[in-house]
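# Results of the structural survey
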Amino acid sequence: MNASEREGHAEVRSKPRHHLIPAMLIALSVVVIFFVLYEIVERTWLSDADTRLLHGLHITRGVLSSVIAALLVGWVIIRRLPPLLETVPSEDERLYELDHAHQERVESYARWFIHLRWVAVVVAAASVFICVLVVPLLPPVVLWPLILTITVLAGTNLVYTALLHSGSLKRYLLQLQVYFDLIILTVLLHFSGGIENPLSTLMLLHVIIGGIILTRWQCYTVAIAASVLFGLLALAEATELIEHYTLQIFPHFANAEEQLHAAHEPLYVSVRVGLQSAILFLSAYFVVVVAERQRHDERQLKKMAGRALAESQLLDQSLENTGTALRVLDSDLRSVWMNKRWQKWFGKDDPCSPITERLDGPDSAARQTLQDGQSRSTELTTDEVMLDEGSPSSTSRRFFMVTTAPLRNPAGHVHQVVEVAQDITEPKQTQAQLIRAGQLAAVGELAGKVAHEVNNPIAIISAKARLLLSDRREEMGQEIANELEKIITLSDRVADIAQGLLSYGRPSTAAREFIDIRPSLNGALSMIEQRADNAGIELRKDIGGSLPTVLANAHELEQVFLNLLLNAIDAMPDGGTLTIRMSQSDQSDDQHGNWLSITLQDTGSGISHEALDRIFEPFFTTKEPGKGTGLGLSVCQGLVRSFGGEIDVQSEVGQGTRVTVRLPVAALE
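Conventions we followed
- Position numbers for residues start from 1 in each chain and track the written sequence from start to end.
- Restriction of local features to residues with pLDDT of at least 70 applies here, the model being predicted, together with a cutoff of 80 or more for giving and counting side-chain atom pairs; totals for whole chains, interfaces and linings are based on all residues.
- Heavy atoms from the whole structure form the basis of all side-chain values; hydrogens and water molecules are not counted.
- Numbering goes from the N terminus for both helices and strands, where a helix is a DSSP run of H or I of at least four residues and a strand is a run of E of at least two.
- Relative accessibility decides the category of a residue: with a 1.4 Å probe and only protein chains considered, values under 20% of the type maximum give buried, values over 50% give exposed, and everything between is partly exposed.
- At least two DSSP bridges between two strands are required for those strands to pair.
- All axes are obtained by fitting lines to C-alpha atoms, using only the stretch in contact for helices, and the reported angles, taken between N-to-C directions, cover 0 to 180 degrees.
- The criterion used for residue contact is that any of the two residues' heavy atoms lie within 4.5 Å.
- On a scale of 0 to 100, pLDDT captures the predictor's confidence in every residue.
- Pairing of aromatic side chains requires ring centres within 6.5 Å, counting the rings of Phe and Tyr and the six-membered ring of Trp. Pairs whose planes differ by under 30 degrees are stacked, by over 60 edge-to-face, and all others tilted.
- Lysine NZ or arginine CZ positioned within 6 Å of the ring centre and within 35 degrees of the ring normal marks a charge as sitting over the ring.

We now examine unusual backbone geometry. Its identity is not glycine, yet Glu240 carries a phi of approximately 60 degrees, on the positive side. Looking at the element boundaries, Glu240 is found in the loop between helix H7 (216-238) and strand E1 (253-254). Positive phi, normally seen in glycine, also occurs at Leu333, with a value near 60 degrees. Along the chain, the position of Leu333 falls in the loop between strand E3 (324-329) and strand E4 (335-338). Assessed through its relative accessible area of 7%, Leu333 is described here as buried.

As structure tokens, then:
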């Protein structure tokens, strides 16, 4: 049993005890007030009335008190005890079996009966003391029989407490208590005025409780038992089979020979027994009908609540599995409902959040939809920290498509707005990559054609300039010689750019062979060591150990490493540390297989996220004008990919850059 069910049963155990005791006290108070008012009327205006008239009025008073008590107790209990109406889980009484939950309910009601019975023991003992010793309404001879009966009542309570821990009799404990209580109540009535005692209406309490917590026929059985016990008591007293004890609050009249008792009058006895039985059965019918209707309604409500909960969970699961965020806003743009994904993506409507301002601000789509009733779709871009697991860093940008639609009431007016959000970051990135790939393909094709057309004229210009300098330097002035040197320098630069364009625009055709990449890396390092030392850059190398070979071209690999090393040195103009490390993946995976990784980590200025997305584009550079062509990384990427590898660049502004070249390990045949 879960915690909520235990709390529910605890509530069931506590509420009946707190509600029925006031109901009993109210019923007794009304009966007492009725009798007191009658006594006032009789002593004020009927003191000289005929004895038979008074006797008839007393009979009428008893009947009316029974009816009033029955109606009052039934009304109060039915109105104030809704938890008790949940006891019987099924209307099919032939299949009425006690499952685990019902056994706990039976135990809770049995325990409640025990608590209520202790209250009855205290009230009965106090009443006996008052009515016998303080106000002599009963003869002294009934003192000890009443005390003994109350003691038996207390003893049975102890027995019931012990039976609560017995599994064999627990299911019959409620019925056992009801029937045995009726017997004890009949004995108490016998010693306290018999059927003349207005407290005989307490039998109604057992019938009402039986109708609430027992089945229909069990309730009618309780009513039959109460009617039989009351009829036997009335018959035994009327025939003087047992002694009738006088209750002084009920009027008795004496003739010349003996005192007259209503309990000995056949008319009174028959009317009283018939009325008591009718009241008991009518009360049983009334309580059973109301209780069964209440149980039926509660079962329907539970079914509806269960269906609503299942539908809500299905909706929430569907939205979660499809990556959809949803919320509903009222006419004041306050959130009425939102699913978990909306909370993860956009928070819980924090008024200080910039996302909330864009979603709910004066120019928001929700406000416009609320005003004109039109559906609309808007794109929302966020740079904040995403709350779901595995989200990008706080500076990563995410894109959402938010569809806003009106919800109309039966009158056709827009009273709520629903917003559905989809994360379109990945499709956006894919679209951008496709566009970029198309652009790069076009640039590559154009670059190859341009480089081919430019290469020959530039070669002629460079050769002619060099020839003039070598053959005619003495004939020309120094100014002309300097200009020719500038022409040669710029021609060589254009030739390098053209060669880079050719390398980018067409696959490398250099021979591939199984090589150890360390000679290529060491060759590139030897060319930049002096430059790094002049810039105050410390080189740290971890390239020893046994490493596998790769299928590549040694010269092109050296070109790749040289380009990456020069970029790292340029990123540290004020010095720093450049770490070069080689490693092999421990095991193969489906995506990368077995890789050899070369990592270059610098402590330079780093690259912004905006520039990081474009570093492999041709002609894109972060260097100062004239210091870079923007083709180095593009060519490196093309060469590495021609070897079946990849380049990964990770960087943060102010924290340096890490470039990782991954090459597939060669499978030697």
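There is more to say after this.
What follows deals with the sheet that holds strand E13 (residues 646-652). Pairing in this open sheet of five strands is mixed, and the strands run E9-E11-E12-E14-E13 from one edge to the other. For this open sheet the edge positions go to strand E9 (537-542) and E13, each flanked by a neighbour on one side alone. Strand-to-strand, the axes of this sheet are offset by a mean angle of 10 degrees, without reference to chain direction. In this sheet, strand E11 (residues 576-584) lies alongside E9 in parallel orientation, the contact comprising six bridges. If you follow Glu538 over to E11, its bridge partner there is Thr577. Helix H15 (residues 554-570) rests against E9, E11, strand E12 (595-602) and strand E14 (656-664) of the sheet, and its axis sits at about 25 degrees to E12.

Moving on, we get to the confidence of the model for the chain. With 73% of its residues at a pLDDT of 70 or more, the chain has an overall mean of 76. Averaged over each element, pLDDT in the chain is lowest for E1 (52) and highest for E14 (90). Contacts from residues 81-99, a stretch scored under 50 in pLDDT, to residues over four places away or in other chains number 47 contacts. Counting interchain partners and residues more than four positions distant, the pLDDT-below-50 stretch residues 385-394 has 16 contacts.

Both the distance between ring centres and the angle between the ring planes are used here to describe each pair of aromatic rings. For the coordinates displayed, the defined rule picks out six aromatic pairs. Put simply, the rings of Trp342, Trp345, Phe346 and Phe400 pair up and form one aromatic cluster. Sitting over the face of the ring of Phe399, Lys428 holds its NZ or CZ atom 5.6 Å from the ring centroid.

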